[in-house]
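# Architecture and fold: a report
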Amino acid sequence: MRTPLYSVSALALASAMVCAPAVAQQAGGIKGKVTEQQGMAVGGVTVTATSNVMPKPRSTTTAEDGSYNLPLLIPGRYELTFTSADGTVRKASANVLLDQVSNVSIVLAPATADDTEIIQIVGSAIVREGNSSLTNSIGDDVVEGLPVGQSYRDLFKLVPGVQYSENSTLGPAAGGSGVDNKYGFDGVDVSLPLFGNLASEPSTHDIEMVSMERGGAKAKGFNRAGGFAMNTKSKSGTNEFHGKLEYKLEDANFSATPDEGLYEEKDKSWVTANLGGPLIEDELFFYASYYRPEEDGQSKVTKYGEVKPFKSVRDEYFGKLTWAPTYELLMNLSYRTSEKEETAASIGEFDADSASSGGTADQDILIFDGSYIIDDYTTVSFQYSEFTLETAGVPDMALGVVPTIGGSLDISNLDQMGYFNVPTLRSDEGYDRVTGQALIDQYGYLEGGVRKGGGGVGGYYQIDNINFYRDSFETALEHELMWGESTHSLHFGFKWAESEEELIRDSNGWGSISYIGGLETATDGTPIYYRSYTQQSTFGDIESSVPAIVSSIETYNFEINDTIEHGDFTYNVGVLISKDVYYGQGLRRKDGTVSGYEVAPGNKYKMYTIDWKDMIQPRLGVEWRYDGENTVFANFAQYNPEASSLARAASWDRNARPQMEVWFDKDGNFIESTPREGSSGKAFQDNMKPRRIDEFTIGTTKQLTDEWFIRGHARYREGSHFWEDVPNTARLSGTYGNGSVPQHIADKGLYVDNLDAIRAEIGGSSYVIAEVDDGQTKYWELSLEAEWNGDNTYLNASYVWSHYYGNFDQDNTTATNDANTFVGSSNYNDGNGRYSWDNKYGTLSSDKPHLLKVYGYYTTDWNANIGAYLLYQSGQPWEKWDPTVYGYASTVSATNRYGEPAGSRRSPSHWQLDLNYTQDFQLTDDFMLKFRADLFNVFDRQTGYNFNPYAFSDTFGEARDYYNPRRLQVSVAVEF
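Residues numbered from 1 in each chain as written. Predicted model: local features only at pLDDT ≥ 70, side-chain atom pairs only at ≥ 80, totals over all residues. Heavy atoms only, no water.

### Describing the overall build of the chain
Scanning the chain from terminus to terminus reveals 5 helices and 56 strands. Since a compact globule built from 976 residues should have a radius of gyration of about 30 Å, the 30 Å found for the chain is in line with a globular shape. Here the C-alpha coordinates of the chain stretch approximately 105 × 65 × 45 Å along the principal axes. Burial status across the chain gives 60% buried among its 976 residues. A separation of at least 24 residues holds for 72% of the contacts in the chain among residues at least 6 apart in sequence. For the chain, the accessible area works out to roughly 36700 Å², and carbon and sulfur atoms hold 53% of it. Taking the average place of the 79 positive charges on the side chains of the chain and the average place of its 136 negative ones, the gap between the two points comes to 3 Å. (Helix = DSSP H or I, 4+ residues; strand = E, 2+ residues; numbered from the N terminus. Rg over C-alpha atoms; globule rule 2.2 N^0.38 Å. Buried < 20%, exposed > 50% of the residue type's maximum accessible area, 1.4 Å probe, protein only. Contact = heavy atoms within 4.5 Å. Areas by Shrake-Rupley, 256 points an atom, 1.4 Å probe, with all protein chains shown as cover. Lys, Arg positive; Asp, Glu negative; His and termini not counted. Charge placed at Lys NZ, Arg CZ, Asp CG, Glu CD.)

### Details of helix 2 (residues 433–443)
What sets the pattern is the α-helix's 3.6 residues per turn: residues three or four places apart point alike. By the burial criterion, the buried members of helix 2 are Thr435, Gly436, Leu439, Ile440 and Tyr443. For helix 2, the buried positions fall inside an angular range of 145° around the axis, keeping them on one side. Where the residues of helix 2 are buried, they touch strand 23 (419–421), strand 24 (445–447), strand 25 (450–452), strand 26 (456–458), strand 29 (512–521) and strand 30 (527–535). Where helix 2 starts, the residue carrying a side-chain oxygen 3.2 Å from the main-chain nitrogen of Val434 turns out to be Asp432. (Arc of directions from axis to C-beta. Polar contact = N/O pair within 3.5 Å; in protein donor to acceptor, adjacent residues only side chain to side chain.)

### Observations concerning helix 5 (residues 755–762)
Along helix 5, the positions that sit buried rather than exposed are Leu755, Ile758 and Ile762. Down the axis of helix 5, the buried set is contained in an arc of 60°. They therefore lie on one face. Within helix 5, the exposed residues directed more than 90 degrees away from the buried face are Asp756 and Ala760. Taken together, the buried residues of helix 5 touch strand 32 (569–589), strand 33 (597–610), strand 38 (683–684) and strand 44 (767–771). Trailing helix 5 by a residue or two, Gly763 shows a phi angle of about 80°, which is positive.

### With respect to a nonpolar patch on the surface
A surface patch of nonpolar side chains, amounting to about 870 Å² of accessible area, comprises Phe241, Tyr247, Leu275, Phe921, Leu923, Phe927, Phe931, Val972, Val974 and Phe976. Judged by relative accessible area, Phe976 falls into the partly exposed class, the value being 34%. (Patch = residues over 30% accessible without salt bridge, like charges linked within 9 Å, V, L, I, M, F, W, Y side chains within 5 Å. Salt bridge = Lys/Arg side-chain N within 4 Å of Asp/Glu carboxyl O.)

### Quick notes on the pattern of salt bridges
Enumeration according to the criterion identifies 45 salt bridges in this entry. In this structure, Glu316 engages Arg314 in a salt bridge whose closest nitrogen and oxygen atoms are separated by 2.5 Å. The same class applies to Glu316 as to Arg314, namely buried. In the salt-bridge network here, residues are joined through shared partners; they are Arg292, Glu294, Asp296, Lys311 and Asp315.

### Some remarks on the pairing of strand 56 (residues 967–975)
The pairing of strand 15 (residues 242–250) with strand 56 spans 6 bridges and is antiparallel. Directly across from Glu246, in strand 56, lies its bridge partner Ala973. Relative to strand 56, strand 53 (residues 928–936) runs antiparallel, the two sharing 9 bridges. Bridge pairing in strand 56 places Leu929 opposite Val974. (Pairing = 2+ DSSP bridges.)

### Some points on the packing of aromatic side chains
Applying the stated rule across the entire model yields 50 aromatic pairs. With a centroid separation of 5.8 Å and an interplanar angle of 50°, the aromatic rings of Phe350 and Tyr445 are classed as tilted. Linking Phe350 in the loop between strand 20 (329–346) and strand 21 (357–375) with Tyr445 in strand 24, this pair joins segments that are 95 residues apart in sequence. Residue classification places Phe350 among the partly exposed positions, given a relative accessible area of 22%. Relative to Tyr950, the ring of Trp881 has its centre 5.4 Å away and its plane inclined at 85°; by these criteria the two rings are edge-to-face. Highlighted residues: Trp881 in the loop between strand 50 (877–878) and strand 51 (905–906) and Tyr950 in the loop between strand 54 (944–947) and strand 55 (959–962), separated in sequence by 69 residues. One exposure class covers both Trp881 and Tyr950, and it is buried. Connected via pairs of aromatic rings, a cluster forms that spans Tyr152, Phe156, Tyr183 and Phe228. (Phe/Tyr/Trp six-rings, centres within 6.5 Å; stacked < 30°, edge-to-face > 60°.)

### A short note on the side chain of Asn948
Relative to the assigned elements, Asn948 resides in the loop between strand 54 and strand 55. Look at Asn948 and you get buried, because its relative accessible area is 5%. Among the polar contacts made by the side chain of Asn948, one reaches the main-chain amide nitrogen of Tyr950 at a distance of 3.0 Å. Excluding residues within four positions of it along the chain, Asn948 makes contact with Trp878, Ser953, Thr955, Phe956, Gly957, Glu958 and Arg960.

### What to know about a negative patch on the surface
A cluster of like negative charges, contributed by Asp568, Asp627, Glu629, Asp706, Glu707 and Asp791, occupies part of the molecular surface. For Glu629, the location among the structural elements is in the loop between strand 34 (616–625) and strand 35 (631–639).

### Things to note about the pairing of strand 49 (residues 864–873)
Along any regular strand the residues' side chains alternate between the sheet's two faces. When strand 48 (residues 850–859) meets strand 49, the two strands line up antiparallel, connected through 9 bridges. In the sheet register, Leu851 faces strand 49, and the bridge partner there is Gln873. Here strand 48 hands over to strand 49 after 4 residues, with Asn863 in that stretch at a positive phi of 60°. Across 10 bridges, the pairing between strand 49 and strand 52 (residues 910–922) is antiparallel. What sits directly across from Leu871, in strand 52, is Gln912.

### Focus: the sheet that holds strand 38
By definition, the strands of a sheet pair up through backbone hydrogen bonds, in either a parallel or an antiparallel sense. Ordered by their spatial adjacency, 3 strands build an open sheet running 38-44-41, and the pairing between neighbours is mixed. Where the open sheet ends on each side, the last strands, each with one partner, are strand 38 and strand 41 (723–727). The pairing of strand 41 with strand 44 spans 5 bridges and is classified as antiparallel. If you follow Asp725 over to strand 44, its bridge partner there is Ile769.

### Description of the sheet that holds strand 10 (residues 134–139)
Strand order in this open sheet of 5 strands is 10-13-14-11-12, and the pairing throughout is mixed. Among the strands making up the open sheet, the edge pair consists of strand 10 and strand 12 (188–189).

### Some thoughts on unusual backbone geometry
Located in the positive-phi region is Leu72, a residue other than glycine, with phi close to 55°. Tracing the backbone through its elements, the reader meets Leu72 in strand 5 (residues 67–73). Look at Leu72 and you get buried, because its relative accessible area is 4%.

### Quick word on the confidence of the model for the chain
Confidence along the chain averages 89 in pLDDT terms, with 94% of residues attaining 70 or more. The spread of mean pLDDT over the elements of the chain runs between strand 1 (residues 7–18), the lowest at 36, and strand 51, the highest at 98. Across residues 1–24, confidence stays below pLDDT 50; counting only partners more than four residues off in sequence or on other chains, it has 88 contacts. Within the model, the stretch residues 119–130 combines pLDDT values under 50 with 70 contacts to residues more than four positions away or in other chains. (pLDDT = per-residue confidence, 0-100.)

### Overview of the environment of Val101
In this structure, Val101 sits in strand 8 (residues 100–109). Taking the relative accessible area as the measure of exposure, Val101 reaches 17% and is therefore buried. Along the backbone, Val101 and Gly540 are 439 residues apart, and their C-alpha atoms lie at a distance of 63 Å.

### Points about the side chain of Thr821
Mapped onto the secondary structure, Thr821 falls in the loop between strand 46 (793–806) and strand 47 (842–843). Among all residues touching Thr821, those that are not within four sequence positions of it are Phe195, Ser645, Thr813 and Thr814.

So, in structure tokens, the structure goes:
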């Protein structure tokens, strides 16, 4: 019997069956079903996908139920060719986005006069399809069409539920801590090893697609993020030669004057160039790029007056090969190298010119990945990568003084001794106000004709050489099978990674020097007038026993996931199982000892292991397509975040290179010195459970019209089992000041019962690593997102209400909270006033109840694009920090010692509007000229945030940072 002719009906769905980021694949896919008008499945239809981004096409054949699957496609625009058994051809086209599977299902009808009909299926720029995962994918058309910015970090502003942040180091919050996010570039983890913040600085000019997973993760892609996970794909070559040369400028005169804070004029420029094309047609493609951001500061003014100009230059080169030797095999090899140099990069609003510092950063990323299609239902993929970041931080003014044990401070020249923190006068009984005032008169800044304290003079206090390395290998096997009336998409994955930090740290002179004024006394009762924090390796009369502290973490992850399609339901059943091993330096295994070790400076040792059984992370989800298109979904996921600094923070060789606390009398004479508390090797509490995030999500999606799509969801996250360093006797502190140890915690006694015996044997700190007693965070989220795709218009709007509260605030443990700080060994839990029961329960610093984002672009008839971005978000919670509440003198560090419940106050809310305009001129058939202007913060809303919480500071309650003022960027580019 002759097979009838078919044509493609008008019903062709291009939806996104969202899948979790499968990092090694750096790909998307297309799947769907072919049916007749009566709903009968059509098997035996050959489906071929072709694209200019794929060296060779990919083909498959529909199964008996009409289904087909085309996995491991390089993201881009594809043409699908459906060929029936009699050779009749039908076509469709669709977009494939990173970490997304586009669903193209067609209904075939008997052919009429025309045997071929092409249906254009235009996928949305940001896909939000019903699925138990909260995943978004962004194409380069959005990045190009909106006022986004140049850096990877700028892309966060486009994703619903992720707060807008102008931090330079700490990541933005999205239902968890900023250090628990994960950042990928071409699938490589570019989070800073041991610290969790974004280490890389890729530009958006090299990014072709972005995917972000905020919650509801499957056991695919090794996602352990307690916040969100982001992945990007760099541009690749195609079968045609394409290139671009662009110059972008933000002149100092293009920016409004800051209303408050550090005043600095900067000229910024960006040069980008790229070229891609075929080396062997239909087989081997190349892509290469060059990127040079440059910043020149001028008229930089602090409270002390004009300071030296800031200068930053970076040269980055990138090369990539894409090779398909056969139809089934695809490989990518890429290498990125970057060199950055800065001067006068670090200086505060209250610092003198001499206190600035500069630095260098050299970064290299090597990636080799590939995929192989074994048959229509089975694929395998792999990725190997090497990440290197070598940095140096150097004071711009090196001091000549060499500290010695027993040496004195020249109190008449404190600005030549180190970095001197100019005091503010105290009212405490016993405080020497006369000497304090004399120091202010000598070193304070001038304001209204009066010298003020609270500033800083001298050289920058520290010299750093810190290098980071990460090697990684992962592989995955995918297999699809039919079992009865269900389709099972099976995934098996394994990943190994080793992250390492190499640290050499010294002080500039005596390091950081503070005036105590006699409020504290040494062990012999001598009043302390001055205190320095000095690296032991800096002392001229002490030779360090180790040249550098090397710390590392090995992680192992195994995952299995089954996505089951049965009728109108899709079920996800998966589990991610992990193992982390921390390696320190300075001990060696020894039998017959209390600790199990002996001291061995420079020796690598296994510090602590979190075993497989302790990190079993289930991933369960269900989706019901109640009318075939619109959905209701639910999900449960558990995460064990991997960011941890304990491999260094608890390393025994910190005893060999500790930071010393040195005390001096009124005349600057040496009194005594001691290793700073917590700055040495630490023992671990037994049987700790790893940090964990439990997450529940329910939601729904609705396709209102062909253009309008909405999604709403509710989500709850709970964090527990946080780890921190803590005095072993913390639970025995009893009642002090305004604090009191809860009885059920006090009853537990010491964290490590035999710590005294361990210390007597091998030394170490009186602090231990332990679970935070009753440590918890809770997060509630209600979200509504809407998206509209028109012929020339794109619009996206989202509103998220949330509440983030608890008693463990990882993002609020330091003086500035925008830095690479220890995860697991911060100021939290470091003595009275810093425990979980000391005013810590309340609203956490990342809580922003209201977050509204509206953005879109319009393409005109005159070859122009107009884009807009509107943001509104609540202010930042903060609270007063006051050590006197806990019985201390006001000179004792108030950092993280809350004088009132967490989040008792809140900074003002912020809103801003960004606009851009791009005009294209077609010079020839092959060359295009582009002019572009981006105007950020149009209404110059310089809202203050990061309020000064220190109760005894002259600037208590004042904002220390402000949203960037209005600024204009203009660019010209030539493309071919």
